[in-house]
Amino acid sequence: MIEFQQVSKHFGDTTAVDGIDLHIGKGEFVVLIGPSGSGKSTTLRMMNRLIDCDAGRIVFQGQDLQTLPPQALRLRMGYAIQSVGLFPHWTVEKNIGTVPRLLGWPAERVHARVQALLTLLQLEPSQFAKRFPDELSGGQQQRVGVARALAGEPEILLMDEPFGALDPVTRIVLQRELKRIHQLSGTTVVMVTHDIDEALFLASRIVLFQDGHIVQDGAPLELLARPANDFVSDFLGRAELGLKRLALGSVRDRARRSERARDSSDGQPISADLTLREALSAFIVQGRTTLPVVDAQGADAGVVHFADLLDARA
Ligand SMILES: Nc1ncnc2c1ncn2[C@@H]1O[C@H](COP(=O)(O)OP(=O)(O)OP(=O)(O)O)[C@@H](O)[C@H]1O
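Residues numbered from 1 in each chain as written. Predicted model: local features only at pLDDT ≥ 70, side-chain atom pairs only at ≥ 80, totals over all residues. Heavy atoms only, no water.

Things to note about helix α5 (residues 107-120)
In this model α5 runs 20 Å from its N-terminal to its C-terminal C-alpha over 14 residues, within 8% of the 20 Å that 1.5 Å per residue would give. Where α5 is concerned, the buried positions are Val110, Val114, Leu117 and Leu118. For α5, the angular spread of buried residues about the axis comes to 100°, placing them on one side. Where α5 is buried, its residues meet α3 (92-96), α4 (98-102), α6 (125-128) and α7 (138-150). Positioned one or two residues after α5, Gln122 has a phi angle of 55°, which is positive. (Helix = DSSP H or I, 4+ residues; strand = E, 2+ residues; numbered from the N terminus. Expected span 1.5 Å × (residues − 1). Buried < 20%, exposed > 50% of the residue type's maximum accessible area, 1.4 Å probe, protein only. Arc of directions from axis to C-beta. Contact = heavy atoms within 4.5 Å.)

Remarks on the UniProt feature "domain: ABC transporter" (unreviewed entry) in the protein chain
Within this numbering scheme, the UniProt entry marks residues 2-236 as carrying the feature "domain: ABC transporter" (unreviewed entry). Each end of residues 2-236 is marked by a C-alpha atom, and these two atoms are 26 Å apart; helix forms 40% of the span and strand 26%. (UniProt positions renumbered as here; feature names shortened; annotations may be inferred.)

Topic: the packing of aromatic side chains
The final tally for this structure, using the stated rule, is three aromatic pairs. The side chain of Arg101 reaches across the aromatic face of Trp90, ending 5.5 Å from its centre. For the cation-ring pair, Arg109 lies above Trp105, with the distance from its terminal atom to the ring centre recorded as 3.6 Å. (Phe/Tyr/Trp six-rings, centres within 6.5 Å; stacked < 30°, edge-to-face > 60°. Lys NZ or Arg CZ within 6 Å of the ring centre and 35° of its normal.)

Examining the environment of Thr275
Mapped onto the elements, Thr275 comes out in the loop between β11 (270-271) and α14 (276-286). By relative accessible area, which is 22% here, Thr275 ends up partly exposed. Residues Thr275 and Gly249 lie 26 residues apart in sequence; the distance between their C-alpha atoms is 5.6 Å.

So, the site of the ligand
With respect to spatial proximity, the complete set of residues near the ligand consists of Phe11, Thr14, Ala16, Pro35, Ser36, Gly37, Ser38, Gly39, Lys40, Ser41, Thr42 and His194. One nitrogen or oxygen atom from the main chain of Ser38 is found 3.0 Å from an oxygen atom belonging to the ligand. Ser41 is positioned with one of its backbone polar atoms (N or O) 2.9 Å from an oxygen atom of the ligand. Calculation on the ligand without its partners gives an accessible area of 630 Å², and the protein chains cover 60% of this total. Broken down by secondary-structure element, the contributors of at least two residues to the shell around the ligand are β2 (14-24) and α1 (40-47). (Near = heavy atom within 4 Å. Polar contact = N/O pair within 3.5 Å; in protein donor to acceptor, adjacent residues only side chain to side chain. Areas by Shrake-Rupley, 256 points an atom, 1.4 Å probe, with all protein chains shown as cover.)

Spelled out as structure tokens, the structure:
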């Protein structure tokens, strides 16, 4: 899909990105993370040529990026940023339809796409399509920003701190939506974030930057189980590595289906959808070492034991 070969970028005396190699495959959800100033945004902006690299080569869908005109390239790539950047004098509908119109889609197709995206992002079209950006909350504006980035059916979705300015509750709701959209659409996503829990929740792969270099690149569990060095452990939160690992697993995978709770004296049932970290919390709150499990419909789904959390698999 997109490949960086020994790519560097300098701003005067500053080396923002220093000879990185990175290959992002179709359908991946890659999160770029690292301390402030480590080169994440520069790397992302080189993908849609908001910034051009000054050494190395970037190949997109088999073609050298330098041979692709930036305007045409950006119509093939969705881009969502923290400040959203909606056009203030355009309705939500017109904002979301920007790229499809530029691509020359017929009006009915643009309209249908906008309606579908509003629904996907849980903004009721009859309520929101005709509103202007200043008639929306911050979270709703972010949703419109994500819908606009997805509107032209991009080959790749680039996101720079898309949920940065949101309160923690709205942020988690939007993370869940983005995860669902990624699973449904299979769109390749590259996202920059500062939030390690957001990265662990969303990423199929995490790329950790330090001083313009990639220090580690792998699946979330791989980073947590085998951090490459002390910097990686510290960045992931050394004291909480175990808890973060638990957050990657779900009760569904550990429940003993053949066991059954006798009655409510065996504890308050927990949902099979909970993470193992949430289950740990439930064990502590209820003061028990086994808990009944129920599925999304509330039906009996077995029992989970405290000891099952210690299983090294996630
Ligand atoms: N347009 C620019 N002009 C000069 N220096 C720049 C420019 N853009 C980035 N830099 C420098 O390049 C380095 C990498 O910046 P970049 O924005 O890629 O980091 P980042 O990891 O995204 O940081 P943050 O998390 O703070 O957004 C920093 O030292 C930054 O000051």
